[in-house]
Amino acid sequence: MLSSLFEQFVKESPVSVMMRGLMSHIFATERMDRLFTKHAQVQYQQDLLFSSQVDLMSLVVCGVQKSVHAAYKARAENLSVSTTALYNKLCGIELSVSEALVRETGQDLAELVKLVGGEQTNILPGYCIKVVDGTCLKGTDHRLKAIRNLAASALPGKAIVVLEQQSKIITDIVLSC
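Not measured: the values here are computed from a predicted model.

**Digging into the pattern of salt bridges**
- One pass over the structure, following the stated rule, counts three salt bridges.
- Salt-bridge contacts for Asp55 lead to Arg75; the nearest nitrogen and oxygen are separated by 2.2 Å. Separated by 20 residues along the polypeptide, Asp55 in helix H4 (residues 50-61) and Arg75 in helix H5 (residues 68-75) bring together distant segments of the chain.
- A residue is classified by how much of its surface remains accessible, and Asp55, at 30% relative accessible area, is partly exposed.

Written as structure tokens, this is what we have:
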């Protein structure tokens, strides 16, 4: 039964099915938890795995849910922690873990863009062009126009971001509080 249903999606929207599969691979539960274990220095996983945090945040980032709390309520039956514990865990994610998440997934996504022929024309053939930009986020309600209608907002801190010109993917980030 499921195979015929799946075949219908493949026929009608093959790119959507392919992207779903690729994103599931890049953000796989086991991979996210290994990344956390490898890069966390103080923080630990017990009742709330890093992969669950990534899952919840992806719902907010992709606009499926308007806030972390809404994402928590949508997935509450699969979580064994309180909202307070969730927020404490999210606030305690070490910068090294966040940097590794961006670095590892960004490199995979840039490779994916290359494989499907989605790279932009190189403006300087023979050179790998990267754009480096930084920002200082303040703890304020004055948010970017693009995210004002969302309940989620950026936390205060500083970020230097590296964007690969050809793939238009962020492949590295340096964070500080």
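**Thoughts on the environment of Ile93**
- Residue placement: Ile93 occurs in the loop between helix H6 (83-91) and helix H7 (95-115).
- Spatially, the C-alpha atom of Ile93 lies 9.6 Å from that of Tyr44, the residues being 49 residues apart in sequence.
- With sequence-adjacent residues up to four places away left out, Ile93 is seen in contact with Gln43, Phe50, Gln53 and Ser98.

**Considerations on the sheet that holds strand E2 (residues 157-164)**
- Spatial ordering of the open sheet is given by E1-E2-E3, a layout of three strands whose pairing is antiparallel. Each edge of the open sheet is held by one strand with a lone partner, namely strand E1 (130-137) and strand E3 (169-176). Strand after strand, the sheet turns through a mean of 20° between neighbouring axes, direction not considered.
- The strands touched by H7 within the sheet are E2 and E3, with E3 carrying the most contacts at an inclination of about 170°.

**Quick notes on a nonpolar patch on the surface**
- Residues Val15, Met18, Met19, Met23, Phe27, Leu115 and Val116 make up a contiguous nonpolar surface patch of about 630 Å² in total accessible area.
- The greatest single-element share of the nonpolar patch, amounting to four residues, is contributed by helix H2 (residues 14-26).
- Counting through the fold element by element, Met23 comes out in helix H2.

**Some words on the pairing of E2**
- Examined bridge by bridge, E1 and E2 share eight bridges and lie antiparallel to one another. Bridging from a neighbouring strand, Lys130 pairs with Glu164 of E2.
- Pairing of E2 with E3 involves seven bridges; the strand directions are antiparallel. For Val162, the partnering residue across the bridge sits in E3 and is Asp172.
- The antiparallel pairing of E2 with E3 creates a hairpin that spans four residues between the two strands, and Lys168 there sits at a positive phi of about 60°.

Thresholds, definitions, all that
- Residues numbered from 1 in each chain as written.
- Predicted model: local features only at pLDDT ≥ 70, side-chain atom pairs only at ≥ 80, totals over all residues.
- Heavy atoms only, no water.
- Salt bridge = Lys/Arg side-chain N within 4 Å of Asp/Glu carboxyl O.
- Helix = DSSP H or I, 4+ residues; strand = E, 2+ residues; numbered from the N terminus.
- Buried < 20%, exposed > 50% of the residue type's maximum accessible area, 1.4 Å probe, protein only.
- Contact = heavy atoms within 4.5 Å.
- Pairing = 2+ DSSP bridges.
- Axes fitted to C-alpha atoms, helices over the stretch in contact; angles between N-to-C directions.
- Patch = residues over 30% accessible without salt bridge, like charges linked within 9 Å, V, L, I, M, F, W, Y side chains within 5 Å.
- Areas by Shrake-Rupley, 256 points an atom, 1.4 Å probe, with all protein chains shown as cover.

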